[in-house]
Amino acid sequence: MLDLVNIEDWLAIDTKPLVIAGPCSAETEEQVMDTASQLAAIPNVKIFRAGIWKPRSRPGEFEGIGKEGLLWLQEVQKEYGLKTAIEVAEPKHVELALKHGVDILWVGARTVVNPFSMQTIVDALKGIDIPVMVKNPINPDINLWRGALERLNTADIKKLVAIHRGFSDYRESIYRNNPYWEIPIELKRNYPELPVICDPSHITGNPDYLGEISQIALNLEMKGLMIETHRNPQAALSDAFQQVTPAKLSKIIGNLQTKYPTGSPDFQQKLAGLRARIDHADHELIGNLAERFELVNEIAHHKKEHQITILQLERWKKLLENRIKKGTDKGLDKAFIQKLFDLIHTESIKRQTEIVDRKNEG
Ligand code: PEP
Ligand code: MN
């Protein structure tokens, strides 16, 4: 459980979805002010983001403009009435952000991953009443994310938001960071009172997919979106490939459909019916799995009796091919079938190993 102040009470913004927009990095006063003036004209945008200190993978890349940029953000507040949000990664960042009246802080994925760094930020924030948004850690580990939120909450930071920005993955993907939607869903299950917003810019790394990822986030009841926006994305000094112009952002927002957590009685009735059928299908699925693994047990005993190796690669290859064909013929996704049968196969090998290695069987 987190001890939180309701977001509606501390953020007097009721646009749905709530959109946080602004450049990956503050670069020049002109770039910040021009981008902010265009964003202020978009009704959903009430919070302006900009990186002041940038965590870069390699030295020599643009590492942020530093504290000078905080003065530009003060101008953004004054000129356009937008709230401002920046990333903090060190106590010094916290101190300067507070001194310059930044409205909201966020902790980046590379910081959340390190409990030592998290704790230094928490210590710097102790006793200070400021909203903090916490990005998910780089790697798909929900406990680091929860740990960061809990640490902040222990220091009496009660205005918390989680930002889902996807997870680093060694596999090839069309996205820069794999969304692993089940992780933010689990976070919401753990902390139903915690608002979660989505950062589709860092998930996709590609403006072409921003709309679809944003829509999925809204379908999952996420409260808002953080989208990197630059007046001239190609010229951006960081994350140039994934930023959009304010005009493109406005189009993306315009195409989003608002979803409601509850609906009319008719809708509810139909939904309940469909859910009942899902329950039934799952019941059958579990029965089939149990039966399959009974057969695996029998095979293991049979192989043990005849001292045959557990892993039979040829058989496995053929089986997988056949299941993928059957699955795709039925309209199932190939990668999904592959993943499912990989999982079944791993479990099957594990069971067989246990049976074959068991010494004094009764
Ligand atoms: C950012 O928002 O610009 C950023 C560096 O994000 P993340 O921590 O998610 O990589
Ligand atoms: Mn960025």
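Placed above this text is the structure.
Here is a short report on the structure shown in this document. (Residues numbered from 1 in each chain as written. Chains lettered and ligands numbered in written order. Predicted model: local features only at pLDDT ≥ 70, side-chain atom pairs only at ≥ 80, totals over all residues. Heavy atoms only, no water.)

**Considering the pattern of salt bridges**
Close approach of charged atoms allows side chains with opposite charge to pair.
And step 1. Tallied over the full model, the rule gives 14 salt bridges.
And step 2. A salt bridge links Arg 176 to Asp 239, with the shortest nitrogen-to-oxygen separation between them at 3.3 Å. Here Arg 176 is found in the loop between strand S6 (160-164) and helix H8 (182-190), whereas its partner Asp 239 is found in the loop between strand S8 (224-228) and helix H11 (246-254), with 63 residues between them in sequence.
And step 3. Residue class for Arg 176 comes out partly exposed when judged on its relative accessible area of 34%. (Salt bridge = Lys/Arg side-chain N within 4 Å of Asp/Glu carboxyl O. Helix = DSSP H or I, 4+ residues; strand = E, 2+ residues; numbered from the N terminus. Buried < 20%, exposed > 50% of the residue type's maximum accessible area, 1.4 Å probe, protein only.)

**Description of the coordination of the manganese ion (ligand 2)**
And step 1. Here the manganese ion (ligand 2) is held by the protein donor atoms Cys 24 (SG), His 202 (NE2), Glu 228 (OE) and Asp 239 (OD), which lie 2.1 to 2.5 Å from it.
And step 2. Donor residues binding the manganese ion (ligand 2) come from one chain and are separated in sequence as C-x177-H-x25-E-x10-D. Taken together, the positions of Cys 24 in the loop between strand S1 (18-22) and helix H2 (29-40) and Asp 239 in the loop between S8 and H11 put the pair 215 residues apart, joining distant regions of the chain.
And step 3. Residue classification places Cys 24 among the buried residues on the basis of a relative accessible area of 1%.
And step 4. With relative accessibility at 11%, the residue Asp 239 sits in the buried group. (Donors = N, O, S within 2.8 Å, 3.2 Å for Na, K, Ca; no water.)

**Points about the site of ligand 1**
And step 1. Taken together, Cys 24, Arg 49, Lys 54, Glu 87, Trp 106, Gly 108, Ala 109, Arg 110, Lys 135, Arg 165, His 202 and Glu 228 form the complete shell of residues around ligand 1.
And step 2. With respect to ligand 1, the side chain of Arg 110 contributes an N or O atom lying 2.8 Å from an oxygen atom.
And step 3. Note that an oxygen atom of ligand 1 is positioned 2.6 Å from one of the side-chain N or O atoms of Arg 165.
And step 4. Computed on the free molecule, ligand 1 has an accessible area of 300 Å², of which 97% lies beneath the protein chains in the complex.
And step 5. A class-by-class count of the residues in the shell around ligand 1 yields three nonpolar, two polar and seven charged. (Near = heavy atom within 4 Å. Polar contact = N/O pair within 3.5 Å; in protein donor to acceptor, adjacent residues only side chain to side chain. Areas by Shrake-Rupley, 256 points an atom, 1.4 Å probe, with all protein chains shown as cover. Nonpolar A, V, L, I, M, F, W, Y, C, P; charged D, E, K, R; others polar.)

**Side note on unusual backbone geometry**
And step 1. Of note, the amide linkage connecting Lys 16 to Pro 17 takes the cis form, showing an omega dihedral of -10°.
And step 2. As for its placement among the helices and strands, Pro 17 is situated in the loop between helix H1 (7-10) and S1.
And step 3. Residues other than glycine seldom take positive phi values, yet Glu 221 does so here, at roughly 65°.
And step 4. With respect to the helices and strands, Glu 221 occurs in the loop between helix H10 (210-219) and S8.
And step 5. Positive phi outside glycine occurs at Asp 239, with the angle close to 45°.

**Side note on the packing of aromatic side chains**
And step 1. Taken as a whole and judged by the stated rule, the model has three aromatic pairs.
And step 2. For the pair Phe 167 and Tyr 180, a centre-to-centre distance of 6.1 Å together with 55° between the ring planes defines the contact as tilted. A residue pair is termed long-range when its members are at least 10 positions apart, and Phe 167 in the loop between S6 and H8 and Tyr 180 in the loop between S6 and H8 qualify at 13 residues. Exposure class is identical for Phe 167 and Tyr 180. Each is buried.
And step 3. Cluster of aromatic residues (ring-pair linked, three or more members): Trp 145, Phe 167 and Tyr 180. (Phe/Tyr/Trp six-rings, centres within 6.5 Å; stacked < 30°, edge-to-face > 60°.)

**Concerning the environment of Asp 199**
And step 1. Within the element layout of this structure, Asp 199 appears in the loop between strand S7 (196-198) and helix H9 (200-204).
And step 2. Overall, Asp 199 belongs to the buried group, its relative accessible area being 1%.
And step 3. In sequence terms Asp 199 and Lys 223 are 24 residues apart; their C-alpha atoms lie 11 Å from each other.
And step 4. Reaching out from Asp 199, the side chain makes a polar contact with the backbone nitrogen of Ser 201 at a distance of 3.1 Å.

**Observations regarding empty space enclosed by the protein**
And step 1. In the structure shown here, the tally under the stated rule is one cavity of 30 Å³ or more.
And step 2. Computed from the structure, the largest cavity encloses a volume of approximately 50 Å³.
And step 3. As for the largest cavity, its lining consists of Ile 7, Trp 10, Leu 11, Leu 18, Ile 20, Ile 47, Ile 104, Met 133, Val 161 and Ile 197.
And step 4. When the residues that make up the lining of the largest cavity are grouped by side-chain class, the tally is ten nonpolar, no polar and no charged. (1 Å grid on protein atoms, 1.4 Å probe; cavity = no way out; pocket = protein on both sides within 12 Å on 5 of 7 lines; lining within 4 Å. Points joined across faces, edges and corners; volume = space filled by probe spheres on them.)

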